[in-house]
Amino acid sequence: MSDDHVLTGPGTQTRRALLAGAGAVGAAVVLAACGGDGSAPASGGPGVTSTGDAGGGDREGAQSLARTTDIPVGGGAVFAAQGVVITQPTPGQFKGFDPICTHQNCPVTNVDGGTINCACHGSKFSIEDGSVKTGPATKPLVPKDVKVDGDRITLA
């Protein structure tokens, strides 16, 4: 019997399978811990706020993506679940872009150093107009209309 096999009752299982199962349980525990009560988003970015009432009041506020203060000047944030990247190239100027890289349709991962970045193959896009700063992508990110109402940013 190999060192990787352990008898466990009526059949045999490898230590590798046993460790893989334990690893899966550990990962599930970690992911569950990332859940939370909704007071802080799991992604590290601002969460979707819900200020509208269930009876049909302020519906626009219910779809707010972020507050203007959540988007740093010269930076931005990726809202993958909502399908948008929001940037603030200059104070008070907010831009929206599709969060899918035009190279091979990977989701962009972050906004850092004045660019929207795709970790799949290293493409970088301008926070000002979505143009390609570093390839392999050759096409810009598709712009998305965003609207600022007071301190709230929504999709237009």
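Residues numbered from 1 in each chain as written. Predicted model: local features only at pLDDT ≥ 70, side-chain atom pairs only at ≥ 80, totals over all residues. Heavy atoms only, no water.

Caption draft 1: Fine view of the pairing of strand β12 (residues 146-149). For β12 and strand β13 (residues 152-155), the ladder comprises four bridges, and the chain directions are antiparallel. Its bridge partner lying in β13, Asp149 is registered against Arg152. Where β12 folds back onto β13 in an antiparallel hairpin, the turn is made up of two residues, including Gly150, whose phi is positive at roughly 65°. (Pairing = 2+ DSSP bridges. Helix = DSSP H or I, 4+ residues; strand = E, 2+ residues; numbered from the N terminus.)

Caption draft 2: Summary view of the pairing of β13. In this structure, strand β3 (residues 66-67) lies alongside β13, joined through two bridges in antiparallel fashion. Bridged to Ala66 within β13 is Ile153.

Caption draft 3: View of the side chain of Ser126. If you trace the backbone, Ser126 turns up in strand β9 (residues 124-126). Taking relative accessible area as the criterion, Ser126 reaches 5% and is therefore assigned buried. Residues contacting Ser126, with those up to four places away along its chain left out, are Phe97, Gly114, Ile116, Ser131 and Lys133. (Buried < 20%, exposed > 50% of the residue type's maximum accessible area, 1.4 Å probe, protein only. Contact = heavy atoms within 4.5 Å.)

Caption draft 4: Seen up close, the sheet that holds β3. In spatial order, the strands read β3-β13-β12; together these three strands make up an open sheet with antiparallel pairing. Of all strands in the sheet, those with a lone pairing partner are β3 and β12, marking the two edges.

Caption draft 5: Representation of the sheet that holds strand β10 (residues 132-134). If you trace the four strands from one edge of the open sheet to the other, you get β7-β8-β9-β10, paired in antiparallel fashion. The open sheet is flanked by β7 (110-112) and β10, the only strands paired with a single partner. Here the average twist between neighbouring strands, direction ignored, is 35°. Here strand β8 (residues 115-117) runs beside β9; their pairing, made up of three bridges, is antiparallel. Each residue of the ladder has a partner; that of Asn117, found in β9, is Lys124. (Axes fitted to C-alpha atoms, helices over the stretch in contact; angles between N-to-C directions.)

Caption draft 6: Local environment of the nonpolar core. Counting twelve residues, the largest nonpolar core consists of Val85, Phe97, Cys101, Cys106, Val108, Val111, Ile116, Cys118, Phe125, Ile127, Ala137 and Leu141. Filtering out sequence-adjacent residues up to four positions away, Ile127 remains in contact with Gly74, Gly75, Thr87, Pro89, Lys95, Phe97, Val111, Gly114, Thr115 and Ile116. Core analysis: the next-biggest nonpolar cluster, separate from the first, contains ten residues, Leu65, Ala66, Ala77 and Val146 among them. (Core = buried A, V, L, I, M, F, W, Y, C linked by side-chain atoms within 4.5 Å.)

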